[in-house]
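These are the residues of each chain, in order.
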Amino acid sequence: MSPDTPAMDAYWMPFTANRQFKKAPRLLTRADGMYFTDDKGRQVLDGIAGLWCVNAGHNRPRIVQAIQQQAAELDFAPPFQMGHPKAFELAERLTRIMPAGLNKVFYTNSGSESVDTALKMAIAYHRARGEGTRTRLIGRERGYHGVNFGGISVGGIVANRKMFGTMLGGVDHIRHTHDPARNAFSVGQPVHGAEFADDLEKLVALHDASTIAAVIVEPVAGSTGVLIPPQGYLQRLREICDKHGILLIFDEVITGFGRTGSPFAAQTFGVTPDLMTVAKGLTNGCVPMGAVFAAAKIHDAFMNGPEHLIEFFHGYTYSAHPLACAAALGTLDTYAEEGLLTRAAEMQGYFAECLHSLRGEPNVIDVRNIGLVGGVELAPIAGEPGKRAFNVFLDCWDQGALIRTTGDTIALSPPLIIERAQIDQLIDTLRGALKRAA
Ligand SMILES: Cc1ncc(COP(=O)(O)O)c(C=O)c1O
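Cut-offs used in this document
Residues numbered from 1 in each chain as written. Predicted model: local features only at pLDDT ≥ 70, side-chain atom pairs only at ≥ 80, totals over all residues. Helix = DSSP H or I, 4+ residues; strand = E, 2+ residues; numbered from the N terminus. Rg over C-alpha atoms; globule rule 2.2 N^0.38 Å. Buried ≥ 20, exposed ≤ 12 C-beta atoms within 10 Å, placed from the backbone. Contact = placed C-beta atoms within 7 Å. Domains from an automatic or database assignment. Nonpolar A, V, L, I, M, F, W, Y, C, P; charged D, E, K, R; others polar. Near = placed C-beta within 6 Å. Pairing = 2+ DSSP bridges. Right-handed = clockwise from strand over helix to strand, strands pointing away. Axes fitted to C-alpha atoms, helices over the stretch in contact; angles between N-to-C directions. Core = buried A, V, L, I, M, F, W, Y, C linked by C-beta atoms within 7 Å. Parallel < 35°, antiparallel > 145°, perpendicular 65-115°, else oblique. Left-handed = near helix turned anticlockwise from the far one by under 90°.

Looking only at helices and strands, one finds 16 helices and 15 strands in the chain. Scaling as 2.2 N^0.38, a compact globule of 438 residues should have a C-alpha radius of gyration of about 22 Å, and the chain matches this with 22 Å. Counting only C-alpha atoms and orienting by the principal axes, one finds that the chain spans roughly 65 × 55 × 45 Å. Evaluated residue by residue, the chain yields a buried proportion of 50% over its 438 residues. Put simply, of all contacts in the chain between residues at least 6 apart along the chain, 73% involve residues at least 24 apart.

Structure representation (structure tokens):
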């Protein structure tokens, strides 16, 4: 450890193997474009856009300037019963890229808060329309919807749930769509599995539609190991929701802002939800911010009663924070000027070719991709799940590339500015690490 390494006792790190980390810290000190710099001055290729959020790459001048200027001009404005111009400007700008049918924006500060906000909106919407029995929330196995109690209740990753008691009541789950026996090494959307959506019909038969408020899914499940929706699956989910008056929520916290080749995965897959959660790429990760996009019918259901009364009792001190709004506007400018919201569609062919060339490397049991998202699943070491992928992660870091692992799946989600040579560097580094981990 270098003499400059800070004392590490006090900081309890999130989603981190704290003891392992503190024995061999991985410290980032600067970032620019596609690269981080670490505390030893090494350049590290960012293979995961920070944490699926730095979609325009690091240190982008428009965003940096927007934040600096905003801090000097209006550092804070209370969001309850007050407003500031950029909050409105940003919402209008967002409606230009949102899927047709969604046109209201409610601000939060993270993906987790967006999810809890959307779940509350769904339940409150039905109540506002006089269908107050619709309170049940349906999630999906292996889903990740952040770490708040609503999100882990509808989520389906056991490690995120098992330590936290009973969570929300009245929640049920449909099955996940991962089906390696039929779909391993699919390029893009797998062919098999639209029928997994029929699980929702089974839950309707079990609970009755009159008790169900909403179903929430990630169009592409990221944190659980990059699960791409089978062809026709999201369409079928939409049809079943429509048939039974159930709201469909897409959690686009990682798929939003260009990741799959369109501004949102809803557009890539041609399915529009009633509510959509976003965060991360909204500000290019520079200032925490999330949002819920809502269909007008949902917003409008609340807009009755005396006009001086608050319609929706929900919000955060930092909703529409001026620095976040400024960062988001700078981010949208950057995306627009550089065509980044559709760049994944241009790059995905080359990315897929390189990624799938890992088939045949030691222990690789599946490769999955869509847009600029890649998943490489490894056979676990017997009795030590997750260890093989973690070893690959550490090796890649030593070799100058940042990747991410979840269980024994390696996830890649590079900034959307990535060039072919950097895709080569990322895949070559990963290939070397896979060979060494054999
Ligand atoms: C699909 C999805 N939803 C919600 C979240 C939670 O976002 P945050 O960490 O900003 O609370 C994440 C984070 O990775 C996510 O992938």
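Structure's up, so let's keep going.
Bringing the domain arrangement of the chain into the picture now. Each assigned domain of the chain is listed here: domain 1 (18-55 + 340-436) and domain 2 (64-338). Distance from the C-alpha centre of domain 1 to the C-alpha centre of domain 2: 26 Å. For the side of domain 1 that touches domain 2, the secondary-structure elements that each account for two or more residues are α2 (49-52), α14 (343-356), β11 (364-370), β12 (373-378) and β15 (409-412). Among the residues making up the side of domain 1 that touches domain 2, the classes are represented as 15 nonpolar, 13 polar and 5 charged.

Below, the discussion takes up the site of the ligand. Near the ligand lie 14 residues; those nearest to it are S110, G111, S112, G146 and V253. With 3 residues, the top contributor of residues to the shell around the ligand is helix α5 (residues 111-128). Grouping the amino acids of the shell around the ligand by side-chain chemistry returns 5 nonpolar, 7 polar and 2 charged.

The next thing to look at is the pairing of β11. In this structure, β11 lies alongside β12, joined through 6 bridges in antiparallel fashion. Residue pairing in the sheet places V364 in a bridge with L378 of β12. Between β11 and the antiparallel strand that follows it, β12, lie 2 residues; G371 among them carries a positive phi value of about 50 degrees.

Now for the pairing of strand β7 (residues 212-217). Counting buried positions over the 6 residues of β7 gives 6, a clear majority of the element. Looking at chain direction, strand β5 (residues 136-140) and β7 are connected through 3 bridges and run parallel. Along β7, the bridge assignment pairs I138 with V215. Taken together, the 4 bridges between β7 and strand β8 (residues 247-251) define a ladder with parallel strand orientation. Counted as the bridge partner of I216 is I249 from β8. Between the parallel elements β7 and β8, the chain passes through helix α10 (residues 233-244) in a crossover that is right-handed.

Before going further, it helps to spend a moment on the sheet that holds β12. Read from one edge of the open sheet, 4 strands run β11-β12-β15-β14, paired in antiparallel fashion. On the outer flanks of this sheet lie β11 and β14 (404-406), each paired with one strand and no other. Averaged over all pairs of adjacent strands, the angle between strand axes in this sheet comes to 20 degrees, irrespective of strand direction.

Core analysis: the biggest nonpolar cluster contains 122 residues, and A122, A214, V215, L237, I249 and L275 have the highest contact counts within it. Two domains each put at least three residues into this core: domain 1 (18-55 + 340-436) and domain 2 (64-338). Those residues in contact with V215, other than ones at most four positions away along the chain, are I138, L200, L237, C241, I246, L248 and I249.

Another aspect to go through is the packing of helix α15 (residues 387-398) against helix α16 (residues 420-436). Running from N to C, α15 and α16 cross one another at 130 degrees; their axes reach a closest spacing of 9 Å. In this view, α15 runs oblique relative to α16, as classed from their interaxial angle. Judged by the sense of rotation from one axis to the other, the crossing of α15 with α16 is right-handed. Between α15 and α16, the contacting residues are V392, D395 and C396 on the first element and T429, L430, A433, L434 and R436 on the second. For the contact of α15 with α16, the residue count by class is 5 nonpolar, 1 polar and 2 charged.

Turning our eyes to something else, we now look at the packing of helix α3 (residues 61-73) against helix α13 (residues 322-338). With their axes 8 Å apart at the nearest point, α3 and α13 run at an angle of 155 degrees to one another. Taken together, the axes of α3 and α13 lie roughly antiparallel to each other. Between α3 and α13 the crossing geometry is right-handed. Where α3 approaches α13, its residues R62, I63, Q65, A66, I67, Q70 and A71 are matched on the opposing element by P322, L323, A326, A327, L329, G330, T331, D333 and T334. Among the residues forming the contact of α3 with α13, the class breakdown is 9 nonpolar, 5 polar and 2 charged.

It is worth spelling out the sheet that holds strand β1 (residues 28-32) at this point. Spatially, 4 strands are ordered β1-β2-β3-β13 in an open sheet, and the strand pairing comes out mixed. Both edges of this open sheet fall to β1 and β13 (401-402), since each of them pairs with a single strand only. The sheet contact formed by strand β2 (residues 35-38) and strand β3 (residues 43-46) spans 3 bridges and is antiparallel. Note on β3: the bridge partner recorded for Y35 is L45.

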